[in-house]
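Coordinates in review
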Amino acid sequence: MESLYILIPIAIIFVCIAVGIFLWAVKSEQFDDLERRGYDILFDDDDSKHKDAVSNTDPIATKSSKGQNNDNA
């Protein structure tokens, strides 16, 4: 029974640390583009076709390019 007085606060501290790490990861945009980083390990950095495909599938780049296309039309 006495061990619970130690284990419960330790568990609460671990949960707080885990929630803090999760919130840090969300705020630093770690979860924005989950697929692109997975494909990066499969291709060479010098491959121009891969660079073009990544830039075309980048959601931030496509949003800005769509906005530019609408402004120019």
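The rules we used
- Residues numbered from 1 in each chain as written.
- Predicted model: local features only at pLDDT ≥ 70, side-chain atom pairs only at ≥ 80, totals over all residues.
- Heavy atoms only, no water.
- Helix = DSSP H or I, 4+ residues; strand = E, 2+ residues; numbered from the N terminus.
- Buried < 20%, exposed > 50% of the residue type's maximum accessible area, 1.4 Å probe, protein only.
- Areas by Shrake-Rupley, 256 points an atom, 1.4 Å probe, with all protein chains shown as cover.
- pLDDT = per-residue confidence, 0-100.
- Expected span 1.5 Å × (residues − 1).

Regarding its fold elements, the protein presents four helices and zero strands. If you list the helices and strands of the protein from N to C, you get α-α-α-α. Burial status across the protein gives 4% buried among its 73 residues. Split by element, the accessible area of the protein, about 6,800 Å² in all, is 62% carbon and sulfur.

Counting all residues, the mean pLDDT for the protein is 75, and 58% of those residues have values of 70 or more. The lowest-confidence element of the protein is helix α4 (residues 59-72), averaging 52 in pLDDT; the highest-confidence one is helix α1 (residues 4-27), averaging 95.

Another aspect to go through is α1. For α1, which comprises 24 residues, the first-to-last C-alpha distance of 34 Å matches the rise-based estimate of 34 Å (1.5 Å per residue) to within 8%. Positive backbone phi, approximately 60 degrees, marks Glu29, located one or two places after α1.

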